[in-house]
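Structural features, examined
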Amino acid sequence: MSDSKDFIIGVYDDEDVLLDSVRKIRAAGLKIHEVYTPFPVHGLDDELGYKKSRLPIAAFMFGMLGTTLALTMQIWMLGIDWPMIIGGKNYVALPDFVPVTFELTVLLAAFGMVGTFLVSSDLKPWKDPKLLDIRITDDRHVLAIDLAKNKAMDVGQIESALKDSGALEVNEKKVEE
Amino acid sequence: MQVTSSVRKPLITGGKTVHDVTEDICRQVEAKPSKLWGMAFGISVVTLGIGFLAVAATLWDGIGMWGLNKTVGWAWDITNFVWWVGIGHAGTLISAVLLLFRQKWRMAINRAAEAMTIFAVICAAMFPVLHMGRPWLGAYWALPLPNTFGSLWVNFNSPLLWDVFAISTYFSVSLVFWYLGLVPDFATIRDRASGLRKTIYGALSLGWDGAAKTWSRYESVSLILAGLATPLVLSVHTIVSFDFATSVIPGWHTTIFPPYFVAGAIFSGFAMVLTLMLVTRAVFKLQDYITIEHIELMNIVIMVTGSIVGIAYITEFFISWYSGVPAEQYAFYNRMNGPYWWAYWSMMTCNVISPQLFWSKKIRTSIAATFIISIIVNIGMWFERFVIIVTSLHRDYLPSSWAMFYPTIYDMGVYLFTFGLFFTLFFLFAKFFPVINMAEVKSIVKSSSEKQPA
């Protein structure tokens, strides 16, 4: 039941050429499967038309959960379950609860957001990444075009489009799913 | 095409290409451990072992083994705790605050600085844990768990409990930040390795494939983590200073403590980063990545925070005089002229005078001078914590309970243990993890590298 995908990849060694190339390839009407780079290339997500990440919202929600949890815990424990006068303060001495509330807010925001990131990007220790080119994690940028999704053009046309955009090499790759 | 700036100095020298970065940083991870490394690691492990004897004695016989007495109930343990936590701060400052400020010079040093943060916080945590006497019961006292005394809860009004939350949050968030930064670099090592190494680094790299979508999310996660860690830098040492500032002991009960502790933490942290980086750069031959420019900028941070610390010392004196409270005035007079005058003046010399030397460009760009001053600063900051803690406690309200503190061999042994632990962890890190953030450095090769030779 093995399924395979055919890709045509363009290999680049310069991030500015890559950015320019992404623009050209998209303008030519080709659908880009994904671009793989060894380091973050700023502006690449805009060129690829990716939407802004909603991770900041996740971070905020988890942070609010932390705030709620911390306040509920402290108010319930010291105010309701076992009220005790400490240093003549109120049972619910809100200013004293600020440090713990702050810390739990940050803790949950950070862990929640990173967890969301790992899940949404499908990062896990047992994952085999199936790289299209081994040099992706070294010094080469790779622009991948999925043949199945670009039926309007034939292989030769796609290859020449990539070559014209400044790719150093153009290769065909088959990836077993 | 290389772009060189006439305003900014290059951050990477030697005309490196992106591939050179991979080669240079992966080299020491892939190579067999050198003799030098083996020796250094061996010494650390031996130190750890010797120190552990003192820890074992403390656990077996109780903290009566330490030199504490009824008057000075807190001495080296909390001194070392605050000192180690402070050292950790530079790592977060470099990785988070400088990221928000878009300071690219942080990129070559952030990895090692973050590692230092994590190891320093582990060392710091040893002290309150051991000070519990019976740390295996500690969870009941430190964590909000229902316990056998009925459901009597922990006291959320106590700064010591705030510490528990602050330090554990700081530790875990720093760990996540550090690990996340390592993921793309683990992938680089994975793709160069084979066999068992490939399996291990493959698992560590979480299947990273460098997709633009992942990078985009990754960048926004890094930015928000930096935004979360930045107030954490301020909050952790502020809360540590609350351990003192919320009490009524003359010499502790001051509102200047939070900012002054934070400045002191960054001051000592940068000094420790420099001590470690100067050695790392020489041993691993990373002079092209950790340049004189980097050292100079860190020295400027030391100069600024050292000056803040100096002003804080003077302000404390002024306020104690201005308050008109005899107990306060005495506490500060006693610090300067009392039986611990030597500790006070060591602190003043190390912390107020030595960073001022960095006004001279010649000194702040000299590797030997930087190395010496970085160690002096760390000694000075240890004395600062010692002076604050012991001089304020040793003169009790009743002269009949005045006392001195003399450390025992166990006090020294536990301190030694944390040194062994810190350096053992650091050497393991330096050998098996990439000490420089390759992915980040690669992203500035084009803009910040020295022009390549034609």
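Residues numbered from 1 in each chain as written. Chains lettered and ligands numbered in written order. Predicted model: local features only at pLDDT ≥ 70, side-chain atom pairs only at ≥ 80, totals over all residues. Heavy atoms only, no water.

This is how it is decided: UniProt positions are given in the numbering used here, feature names are shortened, and annotations may be inferred rather than shown by experiment.
An unreviewed UniProt entry lists chain B under the name Hydrogenase, with Roseivirga misakiensis as the source organism. Listed under Sequence similarities (unreviewed entry) in UniProt, the entry text for chain B is "Belongs to the NrfD family."

An unreviewed UniProt entry annotates chain A as Quinol:cytochrome C oxidoreductase originating from Roseivirga misakiensis.

1. Observations concerning the nonpolar core
For the record, the criterion: Here, nonpolar core means buried Ala, Val, Leu, Ile, Met, Phe, Trp, Tyr and Cys residues that are tied together by side-chain atoms lying within 4.5 Å of each other. Burial status follows relative accessibility: with a 1.4 Å probe on protein chains alone, a residue under 20% of its type maximum counts as buried, one over 50% as exposed, and anything between as partly exposed. Segmentation into domains, and thus their bounds, comes from an automatic or database assignment. Throughout, a contact is declared for two residues whenever any of their heavy atoms are within 4.5 Å.
One finds B:W84, B:F156, B:L225, B:F270 and B:F429 to be the most contacted residues of the largest nonpolar core, which totals 188 residues. Mapped onto the domain boundaries, this core takes at least three residues apiece from domain 1 (4-52 + 141-176) and domain 2 (55-120) of chain A. With residues up to four places along the chain from it excluded, the contact list for B:F270 reads B:A90, B:L93, B:I94, B:W105, B:M298, B:V301 and B:I302. Within the second largest apolar cluster, ten residues are counted, among which are A:F7, A:Y36, A:I136 and B:A211.

2. Remarks on the confidence of the model for chain B
Residue and element names in this part refer to chain B. We count it as follows: A residue's pLDDT is the predictor's confidence in that residue, given on a scale from 0 to 100. Helical segments are the DSSP runs of H or I of at least four residues, strand segments are the runs of E of at least two, and each set is numbered from the N terminus.
Summary statistics for chain B give a mean pLDDT of 88 and a share of 96% for residues scoring 70 or more. For chain B, the element scoring lowest by mean pLDDT is helix α17 (residues 445-448), at 76; helix α15 (residues 409-432) scores highest, at 93. Across the predicted assembly, pTM comes out at 0.90 and ipTM at 0.90.

3. So, helix α3 (residues 76-100) of chain B
Residues and elements named next belong to chain B. So the rule is basically this: To estimate how far a helix should reach, multiply one less than its number of residues by 1.5 Å. Note on bend: the value at a residue is the angle between axes fitted to the seven residues ending there and to the seven starting there.
Taking 1.5 Å per residue as the helical rise, α3 with its 25 residues ought to reach 36 Å, and the 36 Å between its terminal C-alpha atoms agrees with that figure. Along α3, the helix axis deviates most sharply at L93, where the bend reaches about 40°. Of all 25 residues that make up α3, 24 are buried, and the element is covered over most of its length. The positive-phi residue at the C-terminal boundary of α3 is R102, with phi of around 55°.

4. Focus: the sheet that holds strand β3 (residues 141-146) of chain A
Either a parallel or an antiparallel arrangement is found when strands of a sheet pair, and the pairing is made through backbone hydrogen bonds. All names here are of chain A. Note the cut-off: The rule for pairing is simple: two strands pair if DSSP sees at least two bridges between them. As a rule, the C-alpha atoms of each element are fitted with a line to give its axis, helices using only the stretch in contact, and angles between N-to-C directions run from 0 to 180 degrees.
Strand order in the open sheet formed by four strands is β2-β3-β1-β4, and the pairing between neighbours is antiparallel. Edge strands, defined here as strands with exactly one partner in the open sheet, are β2 (34-36) and β4 (169-176). Neighbouring strand axes in the sheet, compared pairwise and without regard to direction, differ in orientation by 30° on average. Bridge analysis of β2 against β3 gives three bridges, and the strand direction is antiparallel.

5. Considering the packing of helix α3 (residues 55-81) of chain A against helix α8 (residues 212-245) of chain B
To keep it simple, the criterion reads: Note on convention: near helix rotated counterclockwise from far helix by under a right angle means a left-handed crossing. Clockwise means right-handed. Here the nonpolar group is Ala, Val, Leu, Ile, Met, Phe, Trp, Tyr, Cys and Pro; Asp, Glu, Lys and Arg are the charged ones; every other residue, Gly included, is treated as polar.
Taken N-terminus to C-terminus, the directions of α3(A) and α8(B) make an angle of 35°; their axes are 9 Å apart at the nearest point. You can see that α3(A) and α8(B) cross each other, and the crossing is right-handed. Judged by residue contacts, A:L55, A:P56 and A:A59 of α3(A) engage B:R217, B:S220, B:V221 and B:I224 from α8(B). Across the contact of α3(A) with α8(B), the residue classes tally to five nonpolar, one polar and one charged.

6. Some points on the pattern of salt bridges
Residues and elements named next belong to chain A. Let me state the cut-off plainly: By salt bridge we mean one thing: a side-chain nitrogen of Lys or Arg within 4 Å of a carboxyl oxygen of Asp or Glu.
Taken as a whole and judged by the stated rule, the model has 20 salt bridges over all chains. As a salt-bridge pair, K24 and D20 come within 3.5 Å of each other at their nearest N and O atoms. Taken as a pair, K24 and D20 lie in helix α1 (residues 15-27) at a separation of four residues, close to a single helical turn. In this structure D20 comes out as partly exposed when scored by relative accessible area, which is 30%.

7. As for helix α11 (residues 326-337) of chain B
Counting along an α-helix, one turn takes 3.6 residues, and residues three or four places apart therefore face a common direction. Residue and element names in this part refer to chain B. For clarity, the cut-off: Regarding the arc, it is the one traced by the directions from the helix axis to the C-beta atoms.
Over its twelve residues, α11 extends 16 Å from the first C-alpha to the last, a length consistent with the 16 Å expected when each residue adds 1.5 Å. Considered for burial, the residues of α11 that qualify are E328, A331, F332, N334 and R335. Seen end-on, α11 carries its buried residues on one side only, within an arc spanning 155°. Opposite the buried face of α11, at more than 90 degrees from it, the exposed residues are P326 and Y333.

8. Remarks on the side chain of A:T67
Residue and element names in this part refer to chain A. Rule in force here: Here a polar contact is taken to be a pair of N or O atoms separated by no more than 3.5 Å, where protein atoms must pair a possible hydrogen donor with a possible acceptor and residues adjacent in sequence count only if both atoms sit in side chains.
One can find T67 in helix α3. At 2.9 Å, the side chain of T67 forms a polar contact with the side chain of T105. If we ignore the near neighbours within four places in the chain, the residues touching T67 are T101 and T105.

9. Examining the UniProt feature "transmembrane region" (unreviewed entry) in chain A
When the UniProt feature table is mapped to this numbering, "transmembrane region" (unreviewed entry) covers residues 57-77 and 97-120 of chain A. With 100% helix and 0% strand, residues 57-77 of chain A has end C-alpha atoms that lie 30 Å from one another.

10. Re the domain arrangement of chain A
Each domain of chain A was delimited in the assignment, giving domain 1 (4-52 + 141-176) and domain 2 (55-120). Inter-centroid distance (C-alpha atoms) of domain 1 of chain A to domain 2 of chain A is 46 Å.

11. So, the interface of chain B and chain A
Residue-level contacts link 55 residues of chain B with 59 residues of chain A. Run the count over chain B and chain A and you get zero salt bridges. Joining chain B to chain A, the criterion identifies 18 residue pairs in polar contact (both at pLDDT 80 or more). Sorting the residues of the side of chain B that touches chain A by element identifies α1 (18-30), α6 (159-192), α7 (195-204), α8 and α16 (438-443) of chain B as the ones contributing at least two each.

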